[in-house]
Amino acid sequence: SELTVASLAARVAIPEYRLRRLIHERLRYRNFNALLHRYRIEEACALLADPAQRHVPILTIALTVGYNSINPFNRAFRELKGMTPSEFRARARTDS
């Protein structure tokens with residue numbers, strides 16, 4: 001949850017403006033936050049689909065992948081996956 005474009009740029013030792021351009025032009029994300037949401041939601045999907053994690057509350061998964069509360073997590077999840085995390089988990093159970 002503490003990751004920022006500035007901290008990532010420092011970590012990979014490139015100027016922030018270059019990282020922003022790379023994210024937008026090469027990776028085709030609207031901005032750093034869109035990239036971050038995509039990776040966090042993909043990680044959440046893996047956890048939600050994992051039978052060993054079925055007892056873990058969705059809030060705990062949201063916090064684990066870097067969200068500070070459930071509402072932004074639910075919004076991002078619905079925007080990217082077209083369903084709620086609960087619906088995704090239920091479908092993953094029936095697909096296994």
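Residues numbered from 1 in each chain as written. Predicted model: local features only at pLDDT ≥ 70, side-chain atom pairs only at ≥ 80, totals over all residues. Heavy atoms only, no water.

Colleague: Whenever I open this one, the overall build of the protein confuses me. Can you help?
Modeller: Secondary structure assignment for the protein yields 6 helices and 0 strands. For the protein, the spread of C-alpha atoms along the principal axes amounts to about 45 × 20 × 20 Å. Burial statistics for the protein: of 96 residues in total, 32% are counted as buried. For the protein, restricting intrachain contacts to residue pairs at least 6 apart in sequence, the fraction spanning at least 24 positions comes to 49%. (Helix = DSSP H or I, 4+ residues; strand = E, 2+ residues; numbered from the N terminus. Buried < 20%, exposed > 50% of the residue type's maximum accessible area, 1.4 Å probe, protein only. Contact = heavy atoms within 4.5 Å.)

Colleague: I keep staring at the pattern of salt bridges and nothing clicks. Help me out?
Modeller: Pairs may arise between side chains of opposite charge once their charged atoms sit close together. Taken as a whole and judged by the stated rule, the model has 2 salt bridges. Note that E16 is salt-bridged to R20, the shortest N-O span being 2.7 Å. Of this pair, E16 and R20 both sit in helix α2 (residues 16–26), 4 residues apart, roughly one helical turn. Residue class for R20 comes out partly exposed when judged on its relative accessible area of 44%. (Salt bridge = Lys/Arg side-chain N within 4 Å of Asp/Glu carboxyl O.)

Colleague: Explain the packing of helix α3 (residues 32–49) against helix α6 (residues 85–95) to me, please; I cannot follow it from the model alone.
Modeller: The packing of two helices is summarised by the inter-axis angle and the distance between the axes. Put simply, α3 and α6 touch, their axes get as near as 9 Å, and they point 45° apart. As the angle between them shows, α3 and α6 are arranged oblique. For the pair α3 and α6, the sense of crossing is right-handed. Facing C45, L48 and A49 of α3, the residues of α6 in contact are P85, F88, R89 and A92. When grouped by side-chain class, the residues that make up the contact of α3 with α6 number 6 nonpolar, no polar and 1 charged. (Axes fitted to C-alpha atoms, helices over the stretch in contact; angles between N-to-C directions. Parallel < 35°, antiparallel > 145°, perpendicular 65-115°, else oblique. Left-handed = near helix turned anticlockwise from the far one by under 90°. Nonpolar A, V, L, I, M, F, W, Y, C, P; charged D, E, K, R; others polar.)

Colleague: When you look at the packing of α3 against helix α5 (residues 70–81) in this model, what are you seeing that I'm missing?
Modeller: Taken N-terminus to C-terminus, the directions of α3 and α5 make an angle of 90°; their axes are 10 Å apart at the nearest point. Classed by the angle they form, the pair α3 and α5 counts as roughly perpendicular. For the pair α3 and α5, contact is made by H37, R38, I41, E42, A44, C45 and L48 and by F73, A76, F77, L80 and K81, respectively. Classifying every residue of the contact of α3 with α5 by side-chain character gives 8 nonpolar, 1 polar and 3 charged.

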